[in-house]
Every structure is written in structure tokens, then in C-alpha cells.
Amino acid sequence: MSNHSNQNAVPEAKEALNRFKYEVANEIGVPLKDGYNGDLTSKQNGSVGGYMVKKMIEAQEKQMADR
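Residues numbered from 1 in each chain as written. Predicted model: local features only at pLDDT ≥ 70, side-chain atom pairs only at ≥ 80, totals over all residues. Heavy atoms only, no water.

Undergrad: For this particular structure, what's the right way to read the overall build of the protein?
TA: Assigned secondary structure in the protein consists of two helices and zero strands. For 67 residues, the compact-globule estimate of 2.2 N^0.38 gives 11 Å, and the protein exceeds it by more than 25% at 14 Å. Looking at the protein as a whole, 13% of its 67 residues qualify as buried. With the model as given, the accessible surface of the protein reaches about 5,600 Å², and the carbon-plus-sulfur share is 54%. Within the protein, the 9 negative side-chain charges are centred at a point lying 3 Å from the centre of the 9 positive side-chain charges. (Helix = DSSP H or I, 4+ residues; strand = E, 2+ residues; numbered from the N terminus. Rg over C-alpha atoms; globule rule 2.2 N^0.38 Å. Buried < 20%, exposed > 50% of the residue type's maximum accessible area, 1.4 Å probe, protein only. Areas by Shrake-Rupley, 256 points an atom, 1.4 Å probe, with all protein chains shown as cover. Lys, Arg positive; Asp, Glu negative; His and termini not counted. Charge placed at Lys NZ, Arg CZ, Asp CG, Glu CD.)

Undergrad: Help me understand the environment of Glu-27, please; the structure alone is not making it clear to me.
TA: Summarising the element assignment, Glu-27 is placed in helix α1 (residues 14-27). Overall, Glu-27 belongs to the partly exposed group, its relative accessible area being 46%. Linking Glu-27 and Asp-39, residues 12 residues apart in sequence, is a C-alpha distance of 19 Å. Filtering out sequence-adjacent residues up to four positions away, Glu-27 remains in contact with Tyr-51 and Lys-55. Among the polar contacts listed, one links the side chain of Glu-27 to the side chain of Lys-55, at a separation of 3.1 Å. (Contact = heavy atoms within 4.5 Å. Polar contact = N/O pair within 3.5 Å; in protein donor to acceptor, adjacent residues only side chain to side chain.)

Undergrad: Before we go on, may I ask you to explain the side chain of Asn-37 in this structure?
TA: By the element assignment, Asn-37 lies in the loop between α1 and α2 (42-65). One polar contact links the side chain of Asn-37 to the main-chain carbonyl oxygen of Gly-35, over a distance of 3.1 Å. Residues within four places of Asn-37 in sequence aside, it is in contact with Pro-31, Leu-32 and Asn-45.

Next up, the structure:
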């Protein structure tokens, strides 16, 4: 089995995750745009991914607590 860590486990979620990425970037003030974003710093890009993970964990914890 090959290791493709950057592929979505649920391909149907790809578009929703992409929208979520732009929502998060907008929320934290990172000027993410369609296409090339090489002008952004590693810190900016990392903050988008980190905040996405934080929000997903919070949503999962809430869902688990509501059961």
C-alpha cells in the first residue's frame, strides 16, 4: 500500500475542505487566493492549516459532548 498523505480520506469532502481553508484564511487575515500563493510566508500558510485543525478538533469535541 502506498503512502499518499496529501490525499483526502473522503474524496467527496475535497470541495468543502477547500471552502473551509479560504474561510479560515479570511478569518485570521491571511490573503489566500486561488492559484499561486508563493508570496505568502511559511508562517502564514502554517497558521491557516493549524487553525483549520484547531477548529476541526473543537467541532469534533462539541459533537462528542452532545451525544
